[in-house]
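Each chain, letter by letter, is given below.
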Amino acid sequence: MPSVWNWQLGRSMDYVYSESRPEKQVSAVFDINKCIACQTCTMACKTTWTSGKGQEYMFWNSVETKPWGSYPMGWDVKLLESLGPASWDYATDPPRYSGKTIFEKVPDGERVLGFLPEEMDYAYPNRGEDETSGNIEDTPYHLSVPQAIWTFYLARICMHCTYPACLAACPRKAIYKRKEDGIVLIDQERCRGYRECVRACPYKRTFYNHTTRVSEKCIFCFPAVEQGIWPRCMRNCIGKIRIVGYIHPPAESDPRNPIDFLVHEKGLALPLYPQYGLEPNIYYVPPIHSDATFNRQMFGPRADAAVRTYRRIREGLEPELRAVLLLCVSTDKILGRFELIDDPVQGETAVGYDTQGVEVVRVPFVEPVVERPFHDAALDVYRHNIS
Ligand code: SF4
Ligand code: SF4
């Protein structure tokens, strides 16, 4: 098998095809701390792409409660049991993965270590919703939830991986990664519904359609992305947890690019289960109130540092991070560059530019407040100030 470089593992690894990175790679950052599990993203996607026959149990975007929720049932736990605990060598910088990936711990005669979920595994999206990591003691006013109790919401779409397992496993070569933006798509004409992609994808983000008898998956709303606009699930996010952009490999990181800044420069946003070895391109700001060991298992060895960085934003110590987080929830245009300026009128202000360098958004750190007189003598009207 060819050897390819996976920067998330800090080492080369085996992959079915030679390394071939796209000209640009779409990416997104999800801030878990802001997700309220409203499922607006899920429904935005469902009504756009998966409302047809055979798609009833198909959710290209789903949101589950961790630690107990999952869709399809046990998608991560089942694979983690086959792969074993993740082991990282912390002596190197960045830490190096010393275990095996799903391309390296592969059974004889197969290309990827995976499993095919049962049909019933898709029947209960987010079973275990709002179940916490432990039992809350029965207290009269629910004021004394112990620190050890935690829960968080994990929103997931296709990761548009650099080394997609779905693509590697497809015997028909029906799955391809677009050169121009790294979006991974299934050619519906070539697919014969063998479900090798469903078996191989560790995130279980390809779905078999029993009516059309071919597989389908998230297309990262490429018609919108081609216009410089965010995908539907991202635009409609109520919690504004999502940031869309393009990512470079770490050696080519651009510190003014919002995604590079969050992922490479600050290490705030981390891949989900990097030990699988796919170099996924959706990144997560890990939850700051959950168990640190659980975070490390799910987001890799840099989870503790990311939580510390996030806390510093609240303390006012990371103005540029604050600028990026503010900007990227104030537009639905894909940003290529950001800067923090000291505006003579509005003070500290975050400014965002699209991928052509045109300014598309400007957000002051502190919104101006105007208090109007209760009685407007010119118009002879009374006004209440509301916020
Ligand atoms: S998340 Fe799964 S479906 Fe998406 S590109 Fe990666 S392997 Fe393929
Ligand atoms: S719309 Fe946003 S806040 Fe609501 S569940 Fe989806 S990701 Fe979470």
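Residues numbered from 1 in each chain as written. Chains lettered and ligands numbered in written order. Predicted model: local features only at pLDDT ≥ 70, side-chain atom pairs only at ≥ 80, totals over all residues.

(A) Just the overall build of the protein, in detail. Scanning the protein for helices and strands turns up 10 helices and 19 strands. Over its C-alpha trace the protein gives a radius of gyration of 22 Å, about what one expects of a compact globule, namely 21 Å for 387 residues. Overall size of the protein, expressed as C-alpha extent along the three principal axes, is 85 × 55 × 50 Å. Here the protein, with 387 residues, has 41% of them falling under the buried criterion. Partitioning the contacts of the protein with sequence separation of at least 6, the portion at a separation of at least 24 is 59%. (Helix = DSSP H or I, 4+ residues; strand = E, 2+ residues; numbered from the N terminus. Rg over C-alpha atoms; globule rule 2.2 N^0.38 Å. Buried ≥ 20, exposed ≤ 12 C-beta atoms within 10 Å, placed from the backbone. Contact = placed C-beta atoms within 7 Å.)

(B) Focus on the sheet that holds strand β13 (residues 270–271). Spatial ordering of the open sheet is given by β12-β3-β14-β13, a layout of 4 strands whose pairing is mixed. Strand pairing shows two members of the sheet lacking a second neighbour, β12 (242–246) and β13, which therefore form its edges. Sheet topology places strand β3 (residues 26–31) next to β12; 5 bridges connect them, and they run antiparallel. Among the inter-strand pairings, V29 is bridged to a residue of β12, identified as I243. (Pairing = 2+ DSSP bridges.)

(C) Just the pairing of strand β1 (residues 3–6), in detail. Every second residue of β1 is oriented toward a common face, the buried set being V4 and N6 and the non-buried set S3 and W5. Bridging between β1 and strand β2 (residues 11–14) involves 4 bridges; their strand directions are antiparallel. Across the sheet, residue S3 finds its bridge partner in β2, namely D14. Taken together, β1 and the strand that follows it, β2, pair antiparallel across an intervening segment of 4 residues, in which G10 is found at a positive phi of about 70°.

(D) Local environment of the nonpolar core. Core analysis: the biggest nonpolar cluster contains 97 residues, and V29, A165, C166, A269, Y284 and V324 have the highest contact counts within it. Not counting chain neighbours up to four residues away, the residues in contact with A165 comprise I102, V112, G114, A200, C201, P202 and L278. (Core = buried A, V, L, I, M, F, W, Y, C linked by C-beta atoms within 7 Å.)

(E) Here's a closer look at unusual backbone geometry. For the bond from K66 to P67, the omega torsion is 20°, close enough to zero to count as cis. With respect to the element layout, P67 can be found in the loop between β4 (62–66) and α2 (75–83). At the junction of D93 and P94, the peptide bond is cis and its omega measures out at 0° in the coordinates. Relative to the helices and strands, P94 resides in the loop between β5 (88–89) and β6 (96–97). The backbone of K173 shows a phi angle near 50°, a positive value even though the residue is not glycine. Mapped onto the secondary structure, K173 falls in the loop between α3 (165–169) and β8 (175–177).

(F) Local environment of α2. Within α2, the full set of buried residues consists of W75, D76 and L83. Projected down its long axis, α2 shows its buried positions confined to an angular sector of 80°, all on one face. When the buried face of α2 is taken as reference, the exposed residues oriented beyond 90 degrees from it are V77, E81 and S82. Downstream of α2 by one or two residues, G84 has phi in the positive range, about 90°. (Arc of directions from axis to C-beta.)

(G) Spotlight on the sheet that holds strand β15 (residues 335–343). Strand order in this open sheet of 3 strands is β15-β16-β17, and the pairing throughout is antiparallel. The outermost strands of the open sheet, each flanked by one partner alone, are β15 and β17 (359–364). When the angles between neighbouring strand axes are averaged without regard to direction, this sheet yields 20°. The pairing of strand β16 (residues 347–354) with β17 spans 5 bridges and is classified as antiparallel. By the bridge assignment for β17, V351 is matched with R362. Helix α10 (residues 319–327) rests against β15, β16 and β17 of the sheet, and its axis sits at about 120° to β15. (Axes fitted to C-alpha atoms, helices over the stretch in contact; angles between N-to-C directions.)

(H) View of α10. The set of residues buried in α10 consists of L321, A323, V324, L325 and L327. Contacts from the buried residues of α10 go to α7 (258–265), α9 (303–314), β15, β16 and β17.

Keep in mind these values describe shape, not function.
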